[in-house]
Amino acid sequence: MFAVHLLAFHFTKLKEDQIKKVDRYLYHMRLSDDVLLDVMARFQAEMVKGLGRDTNPTATVKMLPSFVRSLPDGSEKGDFLAVDLGGSQFRAHQVKVFDDGKQSSQLESKFYPTPKEVIQGNGAELFDYVADCLLDFMETKNLKHKKLPLGFTFSFPCKQNKLEEGVLLAWTKHFKVRGVQDTDVVSSLRKALQKHKDIDVNVLALVNDTVGTMMTCGYDDQRCEVGLIIGTGTNACYMEEMRHIDLVEGDEGRMCINTEWGAFGDDGALDDLRTEFDRELDLGSLNPGKQLFEKMISSLYLGELVRLILLKMTKEGLLFNGKVSTALLTKGKIEMKHVSAMEKYKEGLSNTKEILTELNLFPSEEDCIAVQHVCTIVSFRSANLCAAALAAILTRLRENKKLLRMRTTVGIDGGLYKTHPQYAKRLHKVVRRLVPNCDVRFLLSVSGSGKGAAMVTAVAYRLAAQRKQIDATLAPFLLSLETLREVKNKMRTELEYGLKRETQASATVKMLPTYVCGTPDGTEKGKFLALDLGGTNFRVLLVKIRSGRRRSVQMYNKIFAIPLEIMQGTGEELFDHIVQCIADFLEYMGIKGARLPLGFTFSFPCRQASIDKGTLVGWTKGFKATDCEGEDVVDMLREAIRRRNEFDLDIVAVVNDTVGTMMTCGYEDPNCEIGLIAGTGSNVCYMEDMKNIEIVEGNEGKMCINTEWGGFGDNGCIDNIRTKYDKEVDEGSLNPGKQRYEKMTSGMYLGEIVRQILIDLTKQGLLFRGQISESLRKRGIFETKFLSQIESDRLALLQVRRILQQLGLDSTCEDSIIVKEVCGAVSKRAAQLCGAGLAAIVEKKRENQGVEHLQITVGVDGTLYKLHPHFSRVLRETVKELAPQCDVTFMLSEDGSGKGAALITAVAKRLHNVGQK
């Protein structure tokens, strides 16, 4: 028993001595966590360089866009072919993807050798060989009669400008085919396939094996967004935000980036970590100075590294009694399979003895222990370096998503990872140590990169079909210039109908006279009250106007809410609520006793008989108070003030918010004769020549006309451009069949149009995995402010997803892109239609003045114009296109409905005083 313990002690001691000896000898290959974190930081910097347009040409890590923009979502289906070139064998695959709800697929493959004369011959021979193998495979599987899409896995660095094109940058691994570099490999394959007239194959996608691995694993686990190969070569890919990829146009969505990390260090960035053995191996390789990171990691080189170390140690008398065999001197004699066998847990030492004996080295027990430890250090360094670069990618993904902690999956393939007894465990452990805030699942790719190429092709197929459906859905929102001209001409016709006595009653654009007959001239002064009713809030303002050199307007205001039950209750309740708010404000300002002149901004269609008489034509914007339509709103306000019997006011003018907007801007710019509101509602007013207003007596001077253009189209004249979504929104509104133009152009309805489109796209299976959530069913959930936020150029898709999540819509990255596109189509159409209407007005103004060229200012207000990132630009461009003889300046109004009401009151007072004199 004692003898056994002594023997065990002797062996342990012997082992420790040998391990220490090797550790000392290979000290530079043993990397601490600090060193690995430094490597991680260096790789992160290289990634940034590779992604930048200006820095990419000199970057060693090329960060090649793959044009794979989407991961599998489980709805792919069909038969696909794939060919896989780049490993030790060439493979052909048939992949059947079933749309059975279980995400199942079936793979059939055939392996073909890659003879040395083919992989180191010329390009034509290589691609003819690939085509011949594919023909053989299709004959074997009885597929020659079928037209099938094909994905081409090509495991070498390629520059891609689209999915089905790739220019070879450089051969790697043991390939060295002449005449292929700097040419498109897909074209070469297509040419070779065309020689076989009896098969019909469409090459749809060129895929790197790493991307293929990610896609294969992504089919089984939708969290998979990184692909990693550790085999004959090594590489990684991941899903990067488009906004960070300078080399590709567009900021929307994500794209898979093939890092080509094998070249990391080719610029000397890893020279401090490379040993003499790395340098010697590199000098003897097919591509000296290239792929230096790969040469420290991949299985093609690790066996040779071990041989070079053993050779030097032997020459220095540290192994095999200093006796070098011919085999040990021969390049390539130790392969990765030998290293893996020597590192096996139990039989490793006996395997080591056997392998070394085959190399005529007659090892002692000490030699076997030392050699086994050399293998461990070489393969462990490989796992460490791989883990550091992978940790850099995971950190970038986490930071892109702005997460403190991230769950993700890494799809992984390659002989070294699969067959080495310790490699996978070591890699996982080091990655988790370097990025403790990432919960990483490592998913082994079962069917390899061939299935991945088929999956990329299947996804491309799915996206093409989806694109067709989305384009068809949004096509009615794309208005041609010809259509916009038609809208402009129809608007002009309706404007004329509204001005003529015999047609005014049946006109949809009511062209209401406002009895505002002048714009400010700068002499207005005094204190005025203004009321502003036009939306869900109601404002009371005190406005102080100064004239002369110290001309200024000072305003004090208070905002009051109007509850829904009052908006849709009785007229008496509504006006009592308004008077209650006025009383609160007068008390708040300490002016309850003063009888101030008041301007009442009432932003609903009114027929006016004078400036202080306004009969409500019909409610809009969600108001439905009873006993108001057909009544004079000024009388209703006076009645409510009398009922309260607390104060008295001089109601001088009832004002539309659009007119107020024009007046506010007219105070700053005398050239302003048009007012536009593009907000909750949509409307325009303008100064019309009295001689053209048949419904008002007198031909001298001008009067402001409140067009109430929201009713344009209520007679069916623009039905040709109304979509089924517009009809659904109209039917579900408080006033079906009314205000049709407003329902296509104003903020109150755009979000609802978007919601209807999203429901339709979801029903078609193009959004939210085909699931219509409860929140999406709710009318009004999609407010127009969300359109403005979603369409903001500064907003990353991640933030778009957050907005959708707030709405209870669980969206993918692809969903977010589609939602953004829908919002863009709806808001662009709204701006164009608004522009077409405005072009009709400015053209009318030009003709009124009888000038060749008109210079005019439009005062504008409304949240849609002010806050939407593109609405104002599209509106301006449309007016310019449709009214080229008019030079239109757009001026933002500051508080048209408050300040404007006070200015109208002041102008009315001034004109009244002039009239009395």
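Refer to the structure presented above.
Heads up: these notes are all about the structure in this document. Keep in mind it's a predicted model, so treat the numbers as computed, not measured. (Residues numbered from 1 in each chain as written. Predicted model: local features only at pLDDT ≥ 70, side-chain atom pairs only at ≥ 80, totals over all residues. Heavy atoms only, no water.)

This model, assessed by the stated rule, comprises 25 aromatic pairs. Considering the side-chain rings of Phe90 and Tyr112, the 6.1 Å spacing of their centres and the 45° angle between planes classify their relative orientation as tilted. Within this pair, whereas Phe90 is found in strand β3 (residues 89–98), its partner Tyr112 is found in strand β4 (residues 104–113), the two being separated by 22 residues in sequence. Take Phe90 and Tyr112: they sit in the same class, and that class is buried. Taken together, the ring pairs connect Phe152, Phe154, Phe156, Trp171 and Phe175 into an aromatic cluster. The residue whose ring lies beneath Lys558 is Tyr588, and the NZ or CZ to ring-centre distance is 4.6 Å. (Phe/Tyr/Trp six-rings, centres within 6.5 Å; stacked < 30°, edge-to-face > 60°. Helix = DSSP H or I, 4+ residues; strand = E, 2+ residues; numbered from the N terminus. Buried < 20%, exposed > 50% of the residue type's maximum accessible area, 1.4 Å probe, protein only. Lys NZ or Arg CZ within 6 Å of the ring centre and 35° of its normal.)

Moving on to the sheet that holds strand β17 (residues 552–561). Taken in spatial order, the five strands of this open sheet run β17-β16-β15-β18-β21, and their pairing is mixed. Taken across any chain shown, the strands that pair with only one partner, and hence form the sheet edges, are β17 and β21 (650–655). Looking at each pair of strands side by side, their axes are set apart by 20° on average, direction ignored. With eight bridges joining them, strand β15 (residues 526–533) and strand β16 (residues 537–546) adopt antiparallel strand pairing. What sits directly across from Phe528, in β16, is Val543. Contacting β15, β18 (597–602) and β21, helix α21 (residues 633–644) runs over the sheet at an angle of about 145° to β21. Contacting β16, β17, β18 and β21, helix α22 (residues 657–668) runs over the sheet at an angle of about 100° to β21. (Pairing = 2+ DSSP bridges. Axes fitted to C-alpha atoms, helices over the stretch in contact; angles between N-to-C directions. Contact = heavy atoms within 4.5 Å.)

Another point: empty space enclosed by the protein. Applying the stated criterion to the full structure yields four cavities of 30 Å³ or more. Put simply, the largest cavity is a space of about 110 Å³. Around the largest cavity sit 15 residues that line it, and Ser155, Lys173, Thr234, Asn235 and Glu294 are the ones nearest its centre. Secondary-structure elements contributing two or more residues to the lining of the largest cavity are α6 (209–220) and β10 (234–241). Taken together, the residues of the lining of the largest cavity break down into two nonpolar, nine polar and four charged. (1 Å grid on protein atoms, 1.4 Å probe; cavity = no way out; pocket = protein on both sides within 12 Å on 5 of 7 lines; lining within 4 Å. Points joined across faces, edges and corners; volume = space filled by probe spheres on them. Nonpolar A, V, L, I, M, F, W, Y, C, P; charged D, E, K, R; others polar.)

Packing of helix α23 (residues 724–731) against helix α25 (residues 747–763) brings their axes to within 9 Å, and their N-to-C directions diverge by 120°. Here α25 runs oblique to α23, going by the angle between their axes. Judged by the twist between their axes, the crossing of α23 over α25 is right-handed. Residue-level contacts link Lys724, Tyr725, Asp726, Glu728 and Val729 of α23 to Tyr749, Glu752, Ile753, Gln756, Ile757 and Asp760 of α25. By residue class, the composition of the contact of α23 with α25 is five nonpolar, one polar and five charged. (Parallel < 35°, antiparallel > 145°, perpendicular 65-115°, else oblique. Left-handed = near helix turned anticlockwise from the far one by under 90°.)

When two helices pack together, you describe them by how their axes are tilted relative to each other and by the distance separating the axes. Here helix α13 (residues 365–400) crosses helix α15 (residues 423–434) at 40°, and the two axes come no closer than 8 Å. When the interaxial angle is binned, α13 and α15 end up oblique. Pair α13 / α15 crosses with right-handed handedness. Of the residues in α15, those touching α13 at Thr376, Ser379, Phe380, Ser382, Ala383, Asn384, Cys386, Ala387, Ala388, Leu390, Ala391 and Leu394 are Tyr423, Arg426, Leu427, Val430, Val431 and Leu434. Here the contact of α13 with α15 is built from residues that sort into 13 nonpolar, four polar and one charged.

Looking now at the sheet that holds strand β8 (residues 200–207). To summarise the sheet geometry, strands pair through backbone hydrogen bonds and adopt either a parallel or an antiparallel arrangement. Spatially, five strands are ordered β4-β3-β2-β5-β8 in an open sheet, and the strand pairing comes out mixed. Each edge of the sheet is formed by a strand with only one pairing partner; in this case those strands are β4 and β8. With direction set aside, neighbouring strand axes in the sheet form an average angle of 25°. Inspection of the sheet shows β3 paired to β4 by 10 bridges, in the antiparallel sense. In the strand pairing of β4, Val95 is matched with Leu107. Contacts between helix α5 (residues 185–194) and the sheet are confined to β5 (147–154) and β8, with β8 contributing the most and set at about 165° to the helix.

The next subject is unusual backbone geometry. A positive phi angle is found at Phe320, which is not glycine, with a value near 50°. Looking at the element boundaries, Phe320 is found in the loop between α9 (299–315) and α10 (326–329). Under the relative-accessibility criterion, Phe320 is labelled buried at 2%. Non-glycine residue Asn360 carries a positive phi angle of around 55°. Residue position: Asn360 is located in the loop between α12 (348–358) and α13.

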